[in-house]
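Analysis of the macromolecular model
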Amino acid sequence: MNIYTDYLKQIEERKLQGLHPQPIDGAELLSQIIEQIKDVNNEYREGSLDFFIYNVLPGTTAAASVKAKFLKEIILGESVVKEITPTFAFEQLSHMKGGPSVKVLLDLALGDDAIIAEEAAKVLKTQVFLYEADTDRLEDAFKAGNAIATDIIKSYAEAEFFTKLPEIDEKIEVVTYIAGVGDISTDLLSPGGDAHSRSDRELHGQCMFEHNKDMQNELLALKEQHPDKRVMLIAEKGTMGVGSSRMSGVNNVALWTGVPFSKYVPFINFAPVIAGTNGIAPIFLTTVGVTGGIGLDLKNWVQQKDAEGNTVRDKDGEPILKETYSVATGTILTINTKEKKLYNGDTELKDISAAFTPQKMEFMKAGGSYAVVFGKKLQTFAAKALGVEAPQVYATSKEITIEGQGLTAVEKIFNKNAVGTSGATLHAGSYVRAEVNIVGSQDTTGLMTSQELEMMAATVISPIVDGAYQSGCHTASVWDDKSKANIPRLMSFMNDFGLITGRDPKGKYFPMTDVIHKVLNDITVGDWDIIIGGDSHTRMSKGVAFGADSGTVALALATGEASMPIPESVKVTFKGQMKSYMDFRDVVHATQQQMLKQFGGENVFQGRVIEVHIGTLTADEAFTFTDWTAEMKAKASICISEDDTLIESLEIAKGRIQIMIEKGMDNAKQVLQGLVNKAETRIIELKTGMKPSLRPDANAKYHAEVIIDLDQIVEPMIADPDVNNEDVSKRYTHDNIRPLSYYGGTKKVDLGFVGSCMVHKGDMKILAQMLKNVEAQYGKVEFKAPLIVAPPTYNIVDELKAEGDWEVLVRYSGFEFDDNAPKGEARTGYENMLYLERPGCNLCMGNQEKAAPGDTVMATSTRLFQGRVVKDSGEKKGESLLSSTPVVVLSTILGRTPTLAEYEAAVDGIVLTKFKPSTKQLVR
C-alpha cells in the first residue's frame with residue numbers, strides 16, 4: 001500500500017466523522033499526486049488533480065514547495081497538463097502566500113522569457129510575504145538595470161498590493177446569535193480538551209460550542225435563512241472571549257460564520273463578526289484583528305439609575321441592569337462602516353467607532369493584520385531601494401503627545417521600544433509598532449503558531465528578538481498518543497526556527513514540561529522589555545507582557561515586532577499591614593474585591609494596564625499578582641520594584657537560566673548565554689545607579705488609582721464561580737470574591753489542586769510545612785479528598801529536593817511522577833491521597849485530566865469557567881473555587897472548607913508571605 005492509497009483510506013475514515021479530506025502539507029504525498037497527474041491514464045488522475053489544485057496548504061510547507069516547483073514547470077512548458085494552463089498556474093501561485101511560491105515567481109520574473117516575466121511580475125505585485133532573501137534578489141536585479149525588477153519595486157513603493165484591494169463594504173448586514181449569557185470563555189469556542197485537533201481546522205471546528213450540536217444546528221439554520229447576511233456571535237450581558245487569546249476560537253467562529261480566504265486553500269476563513277455587551281476581552285480582540293474581523297462593544301445593557309443619577313441596586317447590592325436595545329437571536333442589524341454606527345433598520349443603536357479605527361479598517365481591507373505588517377515593511381524596503389520617500393498609503397500611526405504630562409511605566413516602555421514614529425513623546429492612545437524582546441509559544445497553540453509561520457513563509461526567528469521559548473506544559477499531564485504525534489514534531493520545527501525548546505529533538509537533554517509563564521518570567525531579564533506569549537497568562541514580574549494568539553506570536557517571532565495602541569494604566573498601591581496568617585494570594589483576590597467596591601462594581605482594570613507598585617516582592621511572588629491580572633480582564637500588568645528587589649529577582653533569573661545552559665538547552669546562537677549577559681549588565685546598572693529600575697513619572701496620568709488596604713484582609717479570600725446564581729450572567733466570573741467565613745466550615749470539597757502558574761517554590765514549602773503541622777496536631781495526615789500537586793517547574797522540584805522539602809512531600813504522597821515512565825492515559829478517578837504530578841499545567845488546562853463531573857474543586861489555579869477544571873454531572877454543577885495553597889491543602893485534609901480557627905492552627909509558625917508595602921517613592 002502506498003502513501004496515496006493510505007491518504008484515500010484516511011479520507012474514508014474522515015467521512016465517517018463528517019469531514020472532508022485533510023489538507024496536504026507533506027512533500028511525499030504531493031509528489032506522488034503529481035506523478036499521477038502526469039500519467040494521463042492513471043486511475044487516480046482526476047482525484048489527484050482536485051487534491052493538487054484545491055487541497056494543498058500554502059506558505060513554506062513541504063507540499064507548497066513541491067507544488068510551486070511543478071507550477072513553474074507548467075509555466076515554462078516543461079510539463080503539460082491540459083487542466084492547468086500557464087495562466088491558471090500563475091493564479092494558483094498568487095494564492096500560495098510566499099516562501100517557495102515567491103521564489104518561483106522571482107525565478108520567472110527575472111528570467112529570460114519576457115512574456116513569462118511580465119506575467120510573473122503581475123502576480124508578484126500582489127504579494128506581501130517577502131523576506132530578506134527575496135528582496136535582496138529584487139534589489140540586486142534592480143541595481144543591475146533589470147526593468148522588471150524596477151517595475152516591481154516601484155509598485156511596492158506605491159503599496160499597490162494594498163491600494164488595489166477592494167474597499168470594505170459600507171454596509172454590512174448581520175443576523176445576531178446569542179452564544180451565551182454572561183462572560184463567554186474561549187473554552188466555549190475552542191475547548192481545551194480538543195487542543196490536540198487545533199491544527200486540523202475542520203476537525204477542530206466540530207468542537208464549537210463545546211460540541212453542542214443543537215447550537216451548531218441553530219447557527220447553520222440562521223445562515224440558511226439569511227444567506228446574504230453575516231452571523232454576529234454575541235455574549236449577552238457579558239464579555240466575549242475571556243480567559244485566553246485562543247486563535248483556534250476565532251478560527252472556529254470564522255469557519256462557521258466567516259468568509260473563505262481562498263478557493264484553493266480549504267477551511268481558512270476570515271472576517272468573523274463578534275460582539276459582547278461588555279465588548280471583547282482585550283487579548284481576544286487582538287486575535288479578531290489577525291483575521292480581519294469585527295469586534296463590537298454593544299453596551300446594550302447598562303446600569304439603571306434613579307432620579308438623582310445613583311445606581312439602582314438589588315437586595316445583594318448588585319447593580320440592576322436595564323436593556324437599551326435588543327440583540328436577541330435572529331435580530332437583523334446593519335453595521336455602517338462609513339458612519340461607524342450600528343443600526344436596527346433606520347434606528348441608530350450605538351456608535352461603534354472604536355471598532356473601526358483606521359488601523360482596524362486596514363486589517364479588514366487586507367484580510368488580516370499580517371498582510372498590513374508585511375506590507376508596510378515591503379513598502380519601506382522599496383522606497384529605500386529607489387531612494388524616494390514612501391508615499392502615505394497606510395493610516396499614519398496615531399501619536400498622542402500631551403505637553404507637561406509625565407509618563408506611566410507602560411508609556412515609558414513603549415517610547416523606548418517604538419519604531420517608525422516621529423520621535424515625539426507618546427502617551428496612552430498612541431498606536432505603536434514596537435520591538436519585542438521575549439516571545440513564548442506553548443504546546444496546545446504551538447502547532448498553530450508553526451502553521452502560521454509556514455503560512456507567512458517565515459523560516460527563521462527575527463534577529464532582534466533576545467530570546468524565545470517553546471514549552472511542553474499544556475500537554476505535560478499525559479504522554480498519550482496525541483502528544484506523541486504532535487509534540488516532537490512541534491519541538492523539531494521550533495528548534496529549527498531558532499527557539500529554545502522544552503524538548504530537544506536530538507535527545508541531548510531530558511524533556512522539560514515547565515509552565516511557560518514561569519520560564520518566560522525567568523528569561524525576562526529586562527524591566528524595560530516587551531514580552532509576547534501564546535497564552536493569556538503571559539504576565540511577567542519584569543517588563544510588560546501581553547498574552548496573544550498563535551498568529552501574533554508567529555508575527556513577533558518572524559518580525560520581532562508587535563503593533564498595538566499604548567494602553568491606559570490604572571495605578572495600584574498598598575497601605576496597612578499584612579496579617580501573619582494571610583497568604584499573598586489573598587492580597588491578589590482582595591485587590592479585585594476592593595477595586596470593584598471602590599468603583600461601584602465597575603471593573604476599571606478591564607482592557608488597561610495594571611501598574612502595581614509592589615516594590616518589595618521578588619519575581620516569583622510578584623508574578624502571582626501579575627498572573628491573576630488576566631482574570632481581572634486587564635490588558636497587561638507592570639510591577640514597579642525597588643532597585644534592590646529587582647537585583648534580587650535578576651540574580652534568581654540568572655541562576656535559573658544558567659541551569660538551562662548546563663542542561664544543554666542553549667542553541668548555536670547562545671541565546672541563553674546572551675540573556676545571562678544581559679542580566680549581569682542590568683545588575684551593574686542598578687548597583688551603580690547608572691540606570692535605576694523602571695519608575696513612572698510623578699506627574700503621570702492614570703485612568704484610575706486604586707489603594708488596597710491590607711488591614712482589611714482579615715481572612716482568606718476565595719474566588720467563587722457562584723454556579724447557582726439565579727442571574728446566569730453572574731455565574732463563572734472572577735469578580736465574585738468571598739471570605740472563608742462565608743462557607744461556615746461546612747462546604748464539602750471533593751478534590752484539591754495545588755499547581756498552575758499561580759504557585760511558586762514558596763507554595764511547595766508551605767505545603768510541606770502544613771503537612772508536618774497537621775501530623776503534629778493529629779498524629780497523622782489523612783486526606784478526606786484527593787490533593788493533586790503539580791509543581792510549575794523542574795527547577796523548583798530540584799531546589800525542593802536539595803532543601804529537603806521534596807522528601808517531606810513524598811513521605812505523605814501516594815503517587816510520585818516518574819519521567820522515565822510518564823502516564824499514557826488520563827486519570828478517570830482519584831483516591832483520597834496526595835498525588836505528586838509532573839511539572840506542568842495539569843488540571844488548570846483541562847485538556848487532559850479533570851476532576852470528576854459535579855465535583856467541588858478547591859484550587860490554586862486561575863480558571864473557574866464552566867467545564868474547564870470540572871464538568872457538570874446530571875445531578876450537580878461542577879464548581880472550581882480558587883484560593884491560596886493553605887486553604888486548598890486544609891480543605892482536602894478536612895474534606896470541607898475550614899473554619900478560620902482551623903486555618904490559623906494549620907498555618908501556625910509558617911511564614912506565608914513577607915510582603916510589606918514599600919516605604920520608598922516608586923516614581924521619578
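To be clear, the structure that these remarks concern was listed above.
Described in the following lines is the structure provided in the data block. The structure displayed is predicted, hence computed values, not measured ones.

**Considerations on the overall build of the protein chain**
Of regular secondary structure, the protein chain possesses 31 helices and 33 strands. The C-alpha atoms of the protein chain give a radius of gyration of 28 Å, which matches the 29 Å a tight globule of 924 residues would have. For the C-alpha atoms alone, the extent of the protein chain along its principal axes is close to 90 × 65 × 65 Å. Of all 924 residues assigned to the protein chain, the portion counted as buried reaches 62%. For the protein chain, contacts bridging at least 24 residues in sequence account for 73% of all contacts bridging at least 6.

**Some details on the packing of helix α8 (residues 132-143) against helix α17 (residues 369-386)**
The geometry of α8 relative to α17 is characterised by a closest axis approach of 11 Å and an angle of 20 degrees between their N-to-C directions. The angle between α8 and α17 falls in the class roughly parallel. Where α8 crosses over α17, the handedness of that crossing is right-handed. Where α8 approaches α17, its residues Thr135, Glu139 and Phe142 are matched on the opposing element by Leu378, Phe381, Ala385 and Leu386. By residue class, the composition of the contact of α8 with α17 is 5 nonpolar, 1 polar and 1 charged.

**Here we look at the layout of surface pockets**
Each pocket or cavity is described by its volume, and for the second largest pocket that value is around 1200 Å³. Around the second largest pocket, the lining comprises 50 residues; the ones closest to its centre are Phe261, Phe270, Lys365, Ala366 and Gly367. For the lining of the second largest pocket, the elements supplying multiple residues, two or more each, are α10 (160-163), α14 (247-257), β5 (259-262), β6 (265-270), α16 (358-366), α17 and α19 (443-455). The residue makeup of the lining of the second largest pocket, split by class, is 24 nonpolar, 15 polar and 11 charged.

**Quick look at unusual backbone geometry**
Backbone geometry places Ala159, a non-glycine residue, at a positive phi of 55 degrees. As for its placement among the helices and strands, Ala159 is situated in the loop between α9 (147-157) and α10. The buried category is assigned to Ala159, whose relative accessible area is 0%. The backbone of Lys237 shows a phi angle near 60 degrees, a positive value even though the residue is not glycine.

**Describing the sheet that holds strand β7 (residues 273-276)**
A sheet is described by the order of its strands in space; here 7 strands give the open sequence β8-β7-β3-β1-β11-β12-β13, paired in mixed fashion. Whereas interior strands pair on both sides, the edge strands pair on one side only; in this sheet they are β8 (294-297) and β13 (347-351). Ignoring strand direction, the axes of neighbouring strands in this sheet form an average angle of 30 degrees. Pairing of strand β12 (residues 341-344) with β13, which is carried by 4 bridges, proceeds in the antiparallel orientation. Paired with Leu342 across the two strands is Lys350, which belongs to β13.

**Structural notes on helix α26 (residues 671-688)**
For α26, with 18 residues, the first-to-last C-alpha span of 26 Å sits near the 26 Å given by 1.5 Å per residue. Among the residues of α26, Val671, Leu672, Leu675, Val676, Ala679, Arg682, Ile683, Glu685 and Leu686 are the ones counted as buried. Elements in contact with the buried residues of α26: β16 (438-441), β17 (467-470), β18 (500-501), α21 (516-523) and α25 (643-662). Downstream of α26 by a residue or two, Gly689 has a phi angle that is positive, lying close to 80 degrees.

**Description of the packing of aromatic side chains**
Across all of its chains, the model carries 23 aromatic pairs by this definition. Geometrically, the ring pair formed by Phe493 and Phe497 is stacked, given 6.1 Å between the ring centres and 10 degrees between the ring planes. Remark: Phe497 and Phe493 occur in helix α20 (residues 481-497); sequence separation between them is 4 residues, near one turn of the helix. Assessed through its relative accessible area of 22%, Phe493 is described here as partly exposed. The class for Phe497 is buried, based on a relative accessible area of 2%. Geometrically, the ring pair formed by Tyr830 and Tyr835 is edge-to-face, given 5.3 Å between the ring centres and 90 degrees between the ring planes.

**Things to note about the packing of α25 against α26**
Viewed as axis vectors pointing N to C, α25 and α26 meet at an angle of 160 degrees, and their least axial separation amounts to 9 Å. On the basis of their axis angle, the class for α25 and α26 is roughly antiparallel. The way α25 lies across α26 gives a crossing that is left-handed. Contact with α25, carried on its side by Asp643, Leu646, Ile647, Leu650, Glu651, Lys654, Ile657, Gln658, Met660 and Ile661, involves Leu672, Gln673, Leu675, Val676, Ala679, Glu680, Arg682, Ile683, Leu686 and Lys687 of α26 and no other residues of that element.

Cut-offs used in this document
- Residues numbered from 1 in each chain as written.
- Predicted model: local features only at pLDDT ≥ 70, side-chain atom pairs only at ≥ 80, totals over all residues.
- Heavy atoms only, no water.
- Helix = DSSP H or I, 4+ residues; strand = E, 2+ residues; numbered from the N terminus.
- Rg over C-alpha atoms; globule rule 2.2 N^0.38 Å.
- Buried < 20%, exposed > 50% of the residue type's maximum accessible area, 1.4 Å probe, protein only.
- Contact = heavy atoms within 4.5 Å.
- Axes fitted to C-alpha atoms, helices over the stretch in contact; angles between N-to-C directions.
- Parallel < 35°, antiparallel > 145°, perpendicular 65-115°, else oblique.
- Left-handed = near helix turned anticlockwise from the far one by under 90°.
- Nonpolar A, V, L, I, M, F, W, Y, C, P; charged D, E, K, R; others polar.
- 1 Å grid on protein atoms, 1.4 Å probe; cavity = no way out; pocket = protein on both sides within 12 Å on 5 of 7 lines; lining within 4 Å.
- Points joined across faces, edges and corners; volume = space filled by probe spheres on them.
- Pairing = 2+ DSSP bridges.
- Expected span 1.5 Å × (residues − 1).
- Phe/Tyr/Trp six-rings, centres within 6.5 Å; stacked < 30°, edge-to-face > 60°.

Interpretation note: all reported values are geometric properties and have no functional meaning in isolation.
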